[in-house]
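Summary of structural features
Take a look at the letters that make up each chain.
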2 protein chains.
Amino acid sequence: MGELFVGIDLGGTNIKIGLFDSGLELIRKTSVSTQADMGPDVVIEKMAQTVRGLLDDAGLALAEVSAVGIGTPGPANYSEGVIIKSTNMPTFKNVPICKMLNDKLGKPIVFDNDANVACFGEYAVGAGKGVKDIVFFTLGTGIGGGIISNGELVHGCDENAAELGHMIIYPDGRRCNCGQRGCVEAYASADSTARRATEAIEAGRQSTLKKVLEEKGKITSKDVYEHLAKGDELAREITDGTAKALAITCINMLHTTEPKRIVFAGGMIAAGEVLLKRIQDYFDEHIWSLKKEPVEICFATLGEEAGIIGAAALAQHATQRGRLR
Amino acid sequence: MGELFVGIDLGGTNIKIGLFDSGLELIRKTSVSTQADMGPDVVIEKMAQTVRGLLDDAGLALAEVSAVGIGTPGPANYSEGVIIKSTNMPTFKNVPICKMLNDKLGKPIVFDNDANVACFGEYAVGAGKGVKDIVFFTLGTGIGGGIISNGELVHGCDENAAELGHMIIYPDGRRCNCGQRGCVEAYASADSTARRATEAIEAGRQSTLKKVLEEKGKITSKDVYEHLAKGDELAREITDGTAKALAITCINMLHTTEPKRIVFAGGMIAAGEVLLKRIQDYFDEHIWSLKKEPVEICFATLGEEAGIIGAAALAQHATQRGRLR
């Protein structure tokens with residue numbers, strides 16, 4: 001058994017695979033189309049072939065691989081290694097992916113959801129490196145999350161912990177897709193940020209974003225941040241609403257698992273320093289005065305590679321902790 | 001080394017000490033006055049003498065004790081075993097209590113804050129028994145908390161995790177003693193419940209509680225629940241406010257560490273089923289519709305003994321995990 005680790009990011013469109021050394025440095029990576037319509041047998045065979053191909057290209061042998069990590073969206077029974085169903089891969093129903101891939105590669109397989117995997121990647125080698133307690137948010141269509149407490153992912157009683165987008169910050173507030181009201185996701189995801197801007201304009205607010213809505217038929221969070229940079233007042237208000245919702249959530253997480261670092265990832269961090277600064281401002285304004293809180297709020301650093309790095313890091317972690325099966 | 005464990009609940013008024021067998025069954029307990037004004041040397045000598053006395057009375061030898069657990073309010077450096085300062089014991093400043101008691105008893109000492117200790121007691125043998133993930137709230141003057149994730153207390157990066165009373169549920173809401181606004185503690189602690197009733201009456205609301213305020217000069221949460229039982233409308237509204245705040249907090253904890261069971265303790269649970277039912281009602285009303293949540297919301301069962309049982313349970317846990325020093 002060698003010291004290499006494979007990280008697989010299984011998405012509905014592409015499968016990204018990376019080969020990493022024992023320091024979690026990337027040796028080689030690739031991406032192939034998932035073609036989920038071909039069914040799980042074909043997809044998993046393709047995963048195995050691609051891993052073998054990566055090793056061949058690098059002049060390395062399968063025997064040198066210690067373990068393989070996979071991240072994919074749920075719902076899944078991660079500890080049992082079974083994908084229950086998948087919105088983006090409708091042919092995947094009750095697929096024992098870990099056993100199937102293990103049969104083909106003969107390697108232990110470690111499996112977790114995509115947000116946890118990205119969180120672990122940031123923890124191992126990214127923005128969360130060097131501390132043992134982090135909280136991780138992905139700001140995309142929705143808001144996903146991950147929690148690492150004392151160096152371990154928090155999975156919860158039914159492997160559904162860290163659904164951080166659905167913490168209620170405004171009881172009886174905006175309706176969320178999940179059925180609750182007032183979730184942070186209903187205010188601060190990329191989609192909700194854009195939607196709040198759209199609603200304000202439709203309600204008659206003046207803004208340079210109005211022209212965008214008229215011309216493109218919709219507003220994106222990217223539009224909001226672009227118009228913020230140009231000085232638009234509505235864009236500023238909308239950004240403040242997003243930042244305040246995220247800051248309140250950071251305070252609540254501080255009082256829960258007490259992270260040393262809070263890491264934001266996802267498409268919306270392209271907004272840059274202006275968003276991060278507003279989150280920090282609201283955090284400072286709303287946090288208690290009992291003691292100074294040294295928590296660091298920052299952006300993720302791994303970008304698109306968080307999925308493969310995190311999966312490899314989880315595989316290494318399970319190896320080191322003697323948890324491989 | 002035997003199989004007995006000692007649990008010590010160090011408070012400003014009394015020191016409670018219990019001697020437990022390997023099944024965490026109480027063998028014998030006692031309570032002595034703390035007399036903190038005598039200083040830490042005297043107090044800790046008294047703790048040691050009382051432990052020896054308990055063993056003598058039970059006809060057992062110190063050699064049969066595996067470890068001793070202590071719970072006390074902070075601020076303390078629990079992992080280092082040092083009480084930094086204490087509101088109720090002003091003579092305790094930077095007291096290395098674990099080393100001092102170890103010097104006297106020759107036993108490993110395990111140390112944690114009072115809320116964590118009570119949480120661990122409920123987890124080990126009380127309302128949280130049989131599951132690996134719980135969240136624990138104490139409803140008293142303030143609201144304290146504890147989190148057990150995968151069988152371990154969550155301590156956080158600076159041993160200040162689970163300050164659950166200070167999760168913000170109404171941003172810009174009621175001012176909390178901590179300096180924040182809208183903390184659950186500012187609505188749902190015993191003190192805040194009473195205060196909200198008092199404020200409503202002072203603002204002119206009619207209620208049978210008005211007479212209590214006039215006669216006693218103040219209202220307690222106990223008064224609120226007594227008048228609720230008699231059908232007072234204001235008492236019902238105040239109770240609903242408390243229950244809703246707690247229910248929102250339960251939902252937020254579910255989406256954070258995903259407990260299987262949420263346990264409420266503290267003086268206010270004397271309110272009984274009426275409070276528990278209202279918390280459950282609001283939980284059911286506000287929880288998402290994505291899936292049915294099987295989390296159980298219940299009251300603690302150990303009462304006043306949670307402190308000594310929890311301290312002994314933590315001592316046993318540390319022994320079993322090989323964490324004794």
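To be clear, the structure that these remarks concern was listed above.
All of these numbers come straight from a predicted model, not from anything done at the bench. (Residues numbered from 1 in each chain as written. Chains lettered and ligands numbered in written order. Predicted model: local features only at pLDDT ≥ 70, side-chain atom pairs only at ≥ 80, totals over all residues. Heavy atoms only, no water.)

**What about the relation of the copies chain B and chain A?**
In the superposition of chain B on chain A (RMSD 0.0 Å, axial shift 0.0 Å), the rotation amounts to 180 degrees. Put plainly, the chains are arranged around a two-fold axis. When C-alpha distances to the rotation axis are compared across chain B, the minimum falls at I169 of chain B, with a value of 2.8 Å. By residue overlap, the copies meet face to face through one surface: 100% of the interface positions of chain B are interface positions in chain A. (Least-squares fit on C-alpha atoms with pLDDT ≥ 70 in both. Contact = heavy atoms within 4.5 Å.)

**Remarks on the packing of aromatic side chains**
Residues and elements named next belong to chain A. Enumeration according to the criterion identifies eight aromatic pairs over all chains in this entry. Pairing F137 with F264 gives two aromatic rings, centres 5.1 Å apart and planes at 20 degrees, and the pair type is stacked. With F137 in strand 8 (residues 134–139) and F264 in strand 11 (residues 261–265), this residue pair connects regions lying 127 residues apart in the sequence. Each member of the pair, F137 as well as F264, carries the same accessibility label: buried. (Phe/Tyr/Trp six-rings, centres within 6.5 Å; stacked < 30°, edge-to-face > 60°. Helix = DSSP H or I, 4+ residues; strand = E, 2+ residues; numbered from the N terminus. Buried < 20%, exposed > 50% of the residue type's maximum accessible area, 1.4 Å probe, protein only.)

**Let's talk about the pattern of salt bridges**
Residue and element names in this part refer to chain A. Taken as a whole and judged by the stated rule, the model has 38 salt bridges over all chains. The residue K16 makes a salt bridge to E304 at a minimum N-O spacing of 3.0 Å. With K16 in strand 2 (residues 14–20) and E304 in the loop between strand 12 (296–299) and helix 10 (306–320), the pair connects residues that are 288 residues apart, well separated along the chain. Its relative accessible area of 25% is what places K16 among the partly exposed residues. Between D223 and K216 there is a salt bridge; the shortest N-O distance is 3.1 Å. Judged by relative accessible area, which is 7%, D223 ranks as buried. Here the salt bridges do not stand alone but share partners, grouping E233, R236, D240, K277, R278 and D281 into one network. (Salt bridge = Lys/Arg side-chain N within 4 Å of Asp/Glu carboxyl O.)

**A closer look at the sheet that holds strand 7 (residues 109–113) of chain B**
Residues and elements named next belong to chain B. Pairing within the open sheet is mixed, and its five strands lie in the order 3-2-1-4-7. Each edge of the open sheet is held by one strand with a lone partner, namely strand 3 (26–33) and strand 7. When strand polarity is set aside, the average angle formed by the axes of neighbouring strands in this sheet is 15 degrees. Here strand 1 (residues 4–10) pairs with strand 4 (residues 65–72) via six bridges, running parallel. The residue of strand 4 that forms the bridge with F5 is A67. In this fold helix 1 (residues 40–57) packs onto strand 1, strand 2 (14–20), strand 3 and strand 4, with an angle of close to 35 degrees to the strand it touches most, strand 2. Sitting on the sheet, helix 3 (residues 114–125) is in contact with strand 4 and strand 7, with an inclination near 105 degrees to strand 7. (Pairing = 2+ DSSP bridges. Axes fitted to C-alpha atoms, helices over the stretch in contact; angles between N-to-C directions.)

Function-wise, these values are silent; they only describe arrangement.
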